[in-house]
Amino acid sequence: MVDLTGFRHSTRAATYAVAMQILRQQLIETDAARQASLGIDKDVFHRVMKAAYLDQVATYDMHYLTTLVQHRLIHWQVGGRATAGSRALPTAFRVARVAAAYRDAQGYFSEYPCTPGAMPRAGSAGTGAEGDERPLCFVAATDRAIHRWYVDESDRQARWVPEREHDGMQRLAGFVSAMLVLLDLAPFIEMFEAVVADDLVTARVFTPAEADMAAERADGLFCPFPE
Amino acid sequence: MTRMRPRLLVVLATVVVLSATSRARATGTVELERMTLDEGNVTAFLEATSQHFVDAMRALIDERYRDEYRAIRWEALEEAMRDAPVARLEYHFTLNGFPNVRVYHAMGGRSLSSVARSIFEGPTRPGTPDSPLSPSGSESEFELVPNTLPVAEEAALDLADDRFYTGFGEISVRAPVRARGASVLDAFVVADKDRLFDPEFKALRSLEKDLQDQVVPGGGRLRGSVSELVCTSCENAMRRFSDTYAIDIRLSHLYPSARGAGLDELVSSGKARLRRNLLVDAVTDRPLLASDLLHGAREGQIRRLLSPRAMGRSFKRMPWSRRSFRLGPIRLPRVSEGASQDSPPAQPRIPKDPATGC
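These numbers come from a predicted model, not from an experiment.

Observations concerning the overall build of chain A
Within chain A, the secondary structure is distributed over nine helices and zero strands. In chain A, the order of α-helices and β-strands from amino to carboxyl end is α-α-α-α-α-α-α-α-α. Of all 227 residues assigned to chain A, the portion counted as buried reaches 24%.

Section: the overall build of chain B
Of the regular secondary structure elements, chain B holds nine helices and twelve strands. Sorting the 358 residues of chain B into buried and exposed places 33% on the buried side. A sequence separation of at least 24 residues applies to 74% of the contacts in chain B between residues at least 6 apart.

Some points on the interface of chain A and chain B
Listed as interface residues are 18 residues of chain A and, on the opposing side, 20 residues of chain B. By residue number, the principal contributor to the side of chain A that touches chain B is helix α5 (residues 59-74) of chain A, which donates seven residues. Residues of the side of chain A that touches chain B, tallied by class, amount to six nonpolar, twelve polar and no charged.

Some thoughts on the packing of α5(A) against helix α6 (residues 91-106) of chain A
Residue and element names in this part refer to chain A. Direction vectors running N to C along α5 and α6 enclose 130 degrees, while the axes themselves pass 8 Å from each other. Taken together, the axes of α5 and α6 are oblique relative to one another. Where α5 approaches α6, its residues V69, R72 and L73 are matched on the opposing element by T91, A92 and V95. When grouped by side-chain class, the residues that make up the contact of α5 with α6 number four nonpolar, one polar and one charged.

Structural notes on the domain arrangement of chain A
With domains assigned, chain A is organised as domain 1 (2-159) and domain 2 (169-219). Put simply, the middle of domain 1 of chain A and the middle of domain 2 of chain A, counted by C-alpha atoms, are 59 Å apart.

Considering the environment of I302(B)
With respect to the helices and strands, I302(B) occurs in helix α9 (residues 290-305). Beyond its immediate chain neighbours, meaning those up to four positions away, I302(B) contacts V54(B), E78(B), M81(B), R82(B) and S307(B).

Some thoughts on helix α7 (residues 232-245) of chain B
Residues and elements named next belong to chain B. Its 14 residues give α7 an end-to-end C-alpha distance of 20 Å, which sits within 8% of 20 Å, the value for a rise of 1.5 Å per residue. Among the residues of α7, those classed as buried are C234, A237, M238, F241, S242 and Y245. Relative to the axis of α7, the buried residues are bounded by an arc of 140 degrees and lie together on one face. Buried positions along α7 lie against β1 (30-35), α6 (199-212) and β8 (248-254).

A word on unusual backbone geometry
Residue and element names in this part refer to chain B. In the Ramachandran plot, N96 falls in the positive-phi region, its phi being about 55 degrees despite a non-glycine side chain. For Q214, which is not glycine, the phi torsion reads 60 degrees and is therefore positive. Note on placement: Q214 falls in the loop between α6 and β7 (221-226).

Brief notes about the environment of R276(B)
With respect to the secondary-structure elements, R276(B) resides in the loop between β9 (272-275) and β10 (278-281). Remark: the alpha-carbon pair of R276(B) and T166(B), spanning 110 residues in sequence, is separated by 39 Å.

What counts, and at which threshold
Residues numbered from 1 in each chain as written. Chains lettered and ligands numbered in written order. Predicted model: local features only at pLDDT ≥ 70, side-chain atom pairs only at ≥ 80, totals over all residues. Helix = DSSP H or I, 4+ residues; strand = E, 2+ residues; numbered from the N terminus. Buried ≥ 20, exposed ≤ 12 C-beta atoms within 10 Å, placed from the backbone. Contact = placed C-beta atoms within 7 Å. Nonpolar A, V, L, I, M, F, W, Y, C, P; charged D, E, K, R; others polar. Axes fitted to C-alpha atoms, helices over the stretch in contact; angles between N-to-C directions. Parallel < 35°, antiparallel > 145°, perpendicular 65-115°, else oblique. Domains from an automatic or database assignment. Expected span 1.5 Å × (residues − 1). Arc of directions from axis to C-beta.

What follows is the structure in structure tokens.
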């Protein structure tokens with residue numbers, strides 16, 4: 001799902017991914033003749049799998065998937081088994097684990113926070129404590145730690161506001177205004193040159209004639225005082 | 001010629017049967033399936049539908065009955081919201097070559113305004129008598145039948161309630177009460193109950209209006225579920241609807257008992273057991289019947305949003321959040337906690353200031 005939503009919304013993608021896993025499992029386990037009456041919609045699964053862009057996923061399909069996860073978040077069924085036969089994770093932890101996998105898939109600017117032995121790398125792995133912004137080593141972290149990270153991360157992603165896209169005219173106007181600012185700055189360069197030349201004369205590095213040339217360029221930028 | 005006659009008769013009979021069958025297919029079919037055990041996503045969808053109405057009732061109470069606090073009225077509210085049947089019908093159709101869906105959500109009974117008014121403004125129900133000889137108070141004059149309005153007025157009230165429903169949009173719509181009018185759906189009054197207020201009936205009327213207004217095209221498929229058994233008159237109305245608009249209808253309705261649906265087999269195999277009147281999973285203790293599970297889920301919705309505790313109510317200066325039916329001393333507020341904590345509503349999470357840590 002993250003290829004539809006992008007990493008910017010990876011926590012949302014994790015929710016939809018778990019919903020798709022649930023729906024796929026239902027399609028496998030339920031007799032095709034009974035699927036419609038039990039509210040198991042194979043068309044939703046196929047439409048979402050076929051979508052090339054997020055815009056191609058219908059609102060109905062999004063609502064459908066959200067409802068599947070929402071129900072399981074509220075009514076966790078104890079004693080369930082995952083497809084591999086191991087103990088099934090509560091849905092909240094399952095969503096958080098998928099989001100963590102997406103975070104790992106995104107890569108890190110700095111060092112990877114886990115060692116090849118799936119242990120937190122000292123110095124680069126975060127502790128999950130408040131104020132520690134370093135990434136967690138997810139493969140070694142507990143479900144609760146990952147869930148805490150997930151809550152913060154989904155909150156951060158929800159608050160993100162995309163930058164406004166500018167059209168051609170707006171970009172041109174921005175360029176022109178930047179150039180005007182540069183033109184305004186040019187006289188200050190001339191003045192600075194004149195002051196530096198004066199200092200160099202004092203230090204006997206420049207001759208007075210060379211300093212006058214620099215001062216003349218600066219004088220031309222100002223209106224003379226009326227006599 | 002005499003040899004050909006029986007063959008001709010067979011061919012003619014086949015043609016007649018085929019033509020009759022093809023005409024029947026063109027008019028649509030109605031299939032109703034009883035659901036006993038919780039399977040698939042039916043409970044999840046009906047729970048989501050119920051949440052819309054609980055949210056709307058909360059908005060209505062916040063606006064009109066914020067200062068009401070009598071416990072006996074809240075009990076009536078909980079019962080009304082929990083026991084009203086709900087229906088969720090999905091109409092699948094094709095428009096401009098693309099598949100589309102429109103979902104109709106309905107809750108049985110009168111409009112929320114009417115329900116709230118009869119609960120908060122009408123007489124309270126009779127209290128439990130202390131002894132058989134205890135005198136009955138004025139509350140015993142409570143009439144179980146709420147004040148009823150004509151259908152047209154009820155429909156107008158229901159439409160006015162639209163502003164309390166914020167979760168609906170273009171795809172998910174609410175099916176309100178509709179006054180009798182140009183419709184192939186005839187509602188009957190059975191045992192003093194007007195079937196016009198049944199949730200499946202409301203949903204069908206809304207779909208019919210959309211078909212008549214050409215909001216959606218005909219010839220689609222209707223899928224969905226109802227939280228109680230569909231009445232016979234509604235079933236007949238569905239058949240007329242299906243025939244008129246050439247729509248295939250397939251609904252699941254919840255049957256609140258596992259009798260005759262493998263109850264004995266489930267219990268004898270050790271997979272299930274009976275806890276009071278609930279059939280529960282032998283290992284997880286979770287209700288196995290779809291209707292029981294939905295009932296519990298709706299109770300939870302009401303507890304979270306409509307209970308006096310959730311609304312920050314106080315009763316005799318004691319906040320509901322501190323009331324307990326456990327035997328034991330009630331925890332009194334410490335002096336350091338201040339005296340003005342008698343009605344703490346649910347507070348939103350406020351992020352800490354990283355500078356001060358507060």
